[in-house]
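Results of the structural survey
The primary structure of each chain is shown beneath.
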Amino acid sequence: MHRKEIKKAVIPAAGLGTRFLPATKAIPKEMLPIVDIPTIQYIVKEAVDSGIEEILIITNSNKHCMENHFDRSYELESRLLESNKKEEYNIVCDIADMANIYYVRQKEPKGLGHAILCAKSFIMIRLRYCLAMML
């Protein structure tokens, strides 16, 4: 039997972070740093290190800073290069190049099960492809 490797991951991150109030009133819990790296970055890195290539993060309407964290920041990158801060430049670029990261918003806080259900189309596309390859 041919073994298929898992290449996609779903990270539910739409919760309101009420256990971490007041810190999470302005900053999503996933962006709270452990030393100098946001928690979500550790999670994404662990997934990537295990062979994951595509990641879907389930968010809510207050989590756009998480999306920005994994995106390119051309102004910042340009300023780092102009200041000859190549190490920092590489760190910032590496974050944006970690994996193909997609986002889906959970429109209402209906719990973890509903958040996972929001990933259905992301997962089903790959499942249909795998079934077609087996035929």
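The structure under discussion appears in the preceding block.
So, here's what we can say about the structure. Keep in mind that what you see is a predicted model, and the values were worked out from it rather than measured. (Residues numbered from 1 in each chain as written. Predicted model: local features only at pLDDT ≥ 70, side-chain atom pairs only at ≥ 80, totals over all residues. Heavy atoms only, no water.)

What about the sheet that holds strand 4 (residues 54-59)?
Basically, it comes down to this: Only strands joined by at least two bridges in the DSSP assignment are considered to pair. Helix numbering and strand numbering both begin at the N terminus, where a helix is a DSSP run of H or I of at least 4 residues and a strand a DSSP run of E of at least 2. A fitted line through C-alpha atoms represents every axis, and for helices the fit uses only the stretch in contact; the resulting angles, taken between N-to-C directions, go from 0 to 180 degrees. Note on contacts: a residue pair qualifies if any of its non-hydrogen atoms lie within 4.5 Å across the two residues.
Pairing within the open sheet is parallel, and its 3 strands lie in the order 1-4-5. This sheet does not close on itself; its edge strands, each paired only once, are strand 1 (8-12) and strand 5 (100-105). Each adjacent strand pair in this sheet contributes to an overall mean axis angle of 20 degrees, direction not counted. Its contacts with the sheet put helix 1 (residues 39-49) on strand 1, strand 4 and strand 5, and the angle it makes with strand 4 is roughly 150 degrees.

Focus on the packing of aromatic side chains
Stated precisely, the cut-off is as follows: In this analysis, rings of Phe, Tyr and Trp, with Trp reduced to its six-membered ring, are considered paired at centre separations within 6.5 Å, and the interplanar angle assigns stacked below 30 degrees, edge-to-face beyond 60, and tilted for intermediate values. As a reminder, the over-ring test applies to NZ of lysine and CZ of arginine, requiring each to be within 6 Å of the ring centre and within 35 degrees of the ring normal.
The full count for this structure, using the stated rule, is 1 aromatic pair. Across from the ring centre of Phe122, 4.2 Å away, lies the NZ or CZ of Lys8, which sits over that ring.

Here we look at the nonpolar core
The condition that has to hold: Only buried Ala, Val, Leu, Ile, Met, Phe, Trp, Tyr and Cys residues count toward a nonpolar core, and they belong to the same one when joined by side-chain atoms within 4.5 Å. For the exposure calls, accessible area comes from a 1.4 Å probe over protein chains only, and a residue counts as buried if that area is under 20% of its type's maximum, exposed if over 50%, partly exposed in between.
Grouped together as the largest cluster of nonpolar side chains are 16 residues, with contacts concentrated most on Ile40, Val44, Ile55, Ile57, Met66, Phe70 and Ile101. Of all the secondary-structure elements, those providing two or more residues to this core are strand 1, helix 1 and strand 4. In terms of residue count, helix 1 provides more of this core than any other element does, 3 residues in total. Excluding residues within four positions of it along the chain, Ile55 makes contact with Ala9, Ile11, Val44, Ala47, Val48, Ala99, Asn100, Ile101, Tyr102 and Phe122. Counting residues in each nonpolar core, the second largest holds 6 residues, with Leu56, Ile58, Ala115 and Ala119 among its members.

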